[in-house]
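Remarks on the overall topology
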Amino acid sequence: HAKAQGRDVYCFFENSMNVNAHDQLQLLQDLRHALAQGELVLHYQPKFQAPAGPVLGAEALLRWNHPTRGLISPDRFIPLAEKTGLIIPIGEWVLDEACRQMREWVDAGHDEWTIAVNLSPLQFSHDRLVRMVTETLLRHGLEPHYLTLEITESTAMRDVESSLAILSELHAMGVRISIDDFGTGYSSLLYLKRLPATELKIDRGFIRDLTHDTEDAAIVSAIVALGRSLKLGIVAEGVETSEQQEFLTKLGCDSLQGYLLGRPVPAEKFVEADKLLSRP
Ligand code: C2E
Ligand code: MG
Ligand code: MG
Ligand code: MG
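Notes on the structure follow. None of the values given here were measured: they were computed from a predicted structure.

Attention shifts here to the packing of helix H6 (residues 129–139) against helix H8 (residues 160–173). In the contact formed by H6 and H8, the axes pass within 10 Å of each other and the chain directions differ by 20°. If you check the angle between H6 and H8, you find them roughly parallel. Relative to H8, H6 is oriented so that their crossing is right-handed. Packed against H6, whose contacting residues are Leu129, Val130, Val133, Thr134 and Leu137, the element H8 presents Ile166, Glu169, Leu170 and Met173 at the interface. Within the contact of H6 with H8, the residues separate by chemical class into seven nonpolar, one polar and one charged.

This is how it looks when you write it as structure tokens:
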């Protein structure tokens, strides 16, 4: 789907064209120090059972609190981190911090939630991934079912056999697997059937015009049917209007995520928002 795929490609080129070589180098040097200086932060976006709750958990989304540039979104520095391999230590920090936060939430009684962490292609193909995940969960005394790993459909499709091996290992441990940006990566159905995933997350590109674009509506409805028959949960991302919320619920989407129901926020605000929602 060109509309959805074009988004990430556009962001990448936009960044490398608008920022000159000197700025890029500066950014890379700053990024190298950001980790040690504690400038990376996680925001958390709630995931809701359709149509409007309860909260099922949170997706951890990385931000860089840059000393002079302010809060930088991941689209502006993850491609650079991915290109230079810095994403490996950054990703380890993200997983550790997300698991630490989840431990805190479980201790506070939110043991029905799961924490979702995004993995980039390089992280996913890194040979220490499974060990890193195991060690991080152990370090925080967190049972594996509290963790959902999100990998995009295109990442999962890159090397089918190796993806199957890694995902099977994680799945066997009890970690949940979410196939992110689903619908943009040309999965073969035969492969999808073998994929040990927990849920499909429909790409935002299909949700945007859903209520007035009959093709997008047909695609979303087909993904829901596919997920149902493969016994996978279906999540819609990027839900911004109550029309989309209603439409997706009618189509049979299990869970919803988007600005309508909750924006990514720091951990303190996340729990506040949940308290407001659960108030009788
Ligand atoms: P993603 O995993 O597909 O995350 C969804 C993105 O959509 C997030 O952008 C989120 O803030 C945004 N979003 C959520 N609801 C809405 C909505 O209703 N409308 C719109 N327009 N946008 C919405 P964000 O936080 O800028 O992250 C962008 C991408 O960066 C993520 O896409 C993910 O691929 C990557 N990313 C974020 N954090 C991490 C991380 O810790 N590690 C890695 N490897 N990648 C990350
Ligand atoms: Mg995601
Ligand atoms: Mg996504
Ligand atoms: Mg994405």
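Our focus in this paragraph is the coordination of the magnesium ion (ligand 2). Ligation of the magnesium ion (ligand 2) by protein atoms is provided by Glu59 (OE), Asn118 (OD1), Glu150 (OE) and Asp180 (OD), these donors lying 2.0 to 2.3 Å from the ion. Going along the chain, you hit the donors of the magnesium ion (ligand 2) in the pattern E-x58-N-x31-E-x29-D. The exposure class of asparagine 118 is partly exposed, given its relative accessible area of 27%. We classify glutamate 150 as buried; its relative accessible area is 1%.

Each value, and the rule that gives it
Residues numbered from 1 in each chain as written. Chains lettered and ligands numbered in written order. Predicted model: local features only at pLDDT ≥ 70, side-chain atom pairs only at ≥ 80, totals over all residues. Heavy atoms only, no water. Axes fitted to C-alpha atoms, helices over the stretch in contact; angles between N-to-C directions. Helix = DSSP H or I, 4+ residues; strand = E, 2+ residues; numbered from the N terminus. Parallel < 35°, antiparallel > 145°, perpendicular 65-115°, else oblique. Left-handed = near helix turned anticlockwise from the far one by under 90°. Contact = heavy atoms within 4.5 Å. Nonpolar A, V, L, I, M, F, W, Y, C, P; charged D, E, K, R; others polar. Donors = N, O, S within 2.8 Å, 3.2 Å for Na, K, Ca; no water. Buried < 20%, exposed > 50% of the residue type's maximum accessible area, 1.4 Å probe, protein only.

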